[in-house]
Amino acid sequence: MELISKAFGPPQTNCYILKTNAGELIIDPGIGATQWILQNTKNPLAILITHGHYDHIWSLADLKSSLPDISIYAPKEDAFMLESDCFDTGLTPCVANHLIKGKKSNTSFEILGIQIEYFHFPGHTPGCSIIQINDNMIFSGDFIFHRSIGRYDFPYSNAKDMKESLLRFQQIDSKTDKVIYPGHGEETSLFTEQKNVSFWIHRFYT
């Protein structure tokens with residue numbers, strides 16, 4: 001597998017393309033990402049969305065127009081953010097054809113032999129999730145960053161849910177460390193950020 005990424009738009013939102021033998025997975029196509037994605041994919045299999053903020057889904061409608069048969073996976077609790085311009089940003093709405101039910105749990109499925117698991121960690125948004133692929137790489141959207149966490153003071157954010165999600169994230173049991181690829185900034189690792197979570201909980205919730 002090969003992973004490539006590029007940051008798009010004023011928020012510098014990371015868009016990822018994971019190239020596999022079966023084809024490509026696209027994660028969080030942000031502002032102006034369409035042409036870069038089309039130029040770097042030969043057999044795009046699916047688009048995976050971590051959460052519904054505009055800077056992570058901006059190019060969905062464009063991509064769906066260019067790739068009408070592509071599947072879009074997104075958290076069910078954030079579907080309304082894809083289907084309407086609820087933040088009045090000029091977003092063109094787009095409907096995901098696979099909605100992942102959250103319920104603060106995990107959902108696993110497979111695309112042509114590629115193992116995908118959504119972990120629902122609400123707080124930043126109602127459907128905020130991280131996506132684990134083939135049990136060795138994590139795409140954390142705006143939930144976990146390098147030495148930081150996502151904000152929970154936006155419309156539809158929830159501080160109580162964020163605290164619970166951080167505690168659940170800290171309790172993920174893994175025998176091996178895994179690389180985390182966040183929605184903004186540089187990569188980090190599971191074990192590193194599980195240790196850092198205690199700092200954020202103490203700082204903001206005590």
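Within each chain, residue numbers correspond to sequence positions counted from 1 in written order. Whole-chain, interface and lining totals are the exception, using all residues; otherwise, since this is a predicted model, local features are given only for residues with pLDDT of at least 70 and side-chain atom pairs are given and counted only at 80 or more. The side-chain quantities take in all heavy atoms of the structure and omit both hydrogens and water.

(A) Just the pattern of salt bridges, in detail. The salt bridge criterion pairs a side-chain nitrogen of Lys or Arg with a carboxyl oxygen of Asp or Glu, the two atoms within 4 Å. In this structure the tally under the stated criterion is 5 salt bridges. Between K104 and E164 there is a salt bridge, with its nearest N and O atoms 2.7 Å apart. Taken together, the positions of K104 in the loop between β6 (98-100) and β7 (106-111) and E164 in helix α5 (residues 159-170) put the pair 60 residues apart, joining distant regions of the chain. In the salt-bridge network here, residues are joined through shared partners; they are K104, K160, D161 and E164. Only DSSP runs of H or I covering at least 4 residues are called helices, and only runs of E covering at least 2 are called strands; the numbering of each starts at the N terminus.

(B) Molecular detail of the sheet that holds strand β2 (residues 13-19). One open sheet accounts for 6 strands, arranged β1-β2-β3-β4-β5-β6; its pairing is mixed. Among the strands making up the open sheet, the edge pair consists of β1 (2-8) and β6. Taking the axes of each pair of neighbouring strands and ignoring which way they run, one obtains an average angle of 20° across the sheet. Where β2 and strand β3 (residues 24-27) come together, 4 bridges link them in antiparallel fashion. Counterpart to Y16 in the pairing with β3 is I27. For two strands to pair, DSSP has to find at least two bridges joining them. To obtain an axis, a line is fitted to C-alpha atoms, over the contacting stretch when the element is a helix, and the angle between two such axes runs from 0 to 180 degrees between their N-to-C directions.

(C) Broad picture of the packing of aromatic side chains. Pairing of aromatic side chains here covers Phe, Tyr and the six-membered ring of Trp, requires ring centres within 6.5 Å, and sorts the geometry by plane angle: under 30 degrees stacked, over 60 edge-to-face, intermediate tilted. The tally for this structure, following the rule as stated, stands at 14 aromatic pairs. Arranged with centres 5.8 Å apart and planes meeting at 65°, the rings of Y16 and Y181 form a pair that is edge-to-face. Within this pair, whereas Y16 is found in strand β2, its partner Y181 is found in strand β13 (residues 179-182), the two being separated by 165 residues in sequence. Here the two residues Y16 and Y181 agree in accessibility, since each one is buried. Through successive ring pairs, a cluster of aromatic residues spans F119, F121, F143 and F169. Relative accessible area decides the class of each residue, using a 1.4 Å probe on protein chains only: under 20% of the type maximum gives buried, over 50% gives exposed, and in between gives partly exposed.

(D) Inspection of the pairing of β3 at higher detail. Residues E24 and I26 point to one face of β3 and L25 and I27 to the other, with burial holding for every one of them. Hairpin connection from β2 to β3: 4 residues lie between these consecutive antiparallel strands, with G23 at a positive phi of about 150°. Looking at chain direction, β3 and strand β4 (residues 44-48) are connected through 4 bridges and run parallel. The residue bridging I26 from the neighbouring strand is I47, located in β4. When the strands point away from the viewer, a crossover counts as right-handed if the route from the first strand across the helix to the second turns clockwise. Taken together, β3, helix α1 (residues 34-39) and β4 constitute a β-α-β crossover, and its handedness is right-handed.

(E) Looking closely at the environment of F169. Within the secondary structure, F169 is located in helix α5. Judged by relative accessible area, F169 falls into the buried class, the value being 1%. Sequence separation of F169 and I130 is 39 residues, and the distance between their C-alpha atoms is 9.8 Å. The contact rule is simple, with two residues in contact once any of their heavy atoms fall within 4.5 Å. Apart from residues lying up to four places away in sequence, F169 is in contact with F121, F143, I144, I180, L190, E193, Q194 and V197.

(F) Geometry of the nonpolar core. Grouping buried Ala, Val, Leu, Ile, Met, Phe, Trp, Tyr and Cys residues that are joined through side-chain atoms within 4.5 Å yields what is termed a nonpolar core. In this structure, C15, W36, I37, I47, I49, L60 and I72 are the most contacted members of the largest nonpolar core, which totals 22 residues. Top element by residues in this core is helix α3 (residues 60-66). It accounts for 3 residues. Once residues lying within four places of it in the same chain are set aside, the contact partners of I47 are I26, P29, L60, L63, I70, S71, I72 and Y73.

(G) Here's a closer look at the pairing of strand β8 (residues 114-120). Burial within β8 is extensive, with 6 of its 7 residues counted as buried. Of the pairings in the sheet, the one linking β7 to β8 comprises 6 bridges and is antiparallel in character. The residue of β8 that forms the bridge with E110 is Q115. The loop that links β7 with its antiparallel partner β8 comprises 2 residues; one of these, L112, has a positive phi angle of about 50°. As paired elements, β8 and strand β9 (residues 129-133) share 5 bridges and run antiparallel to each other. Residue Y118 lies in a different strand from β9, and its bridge partner there is I131.

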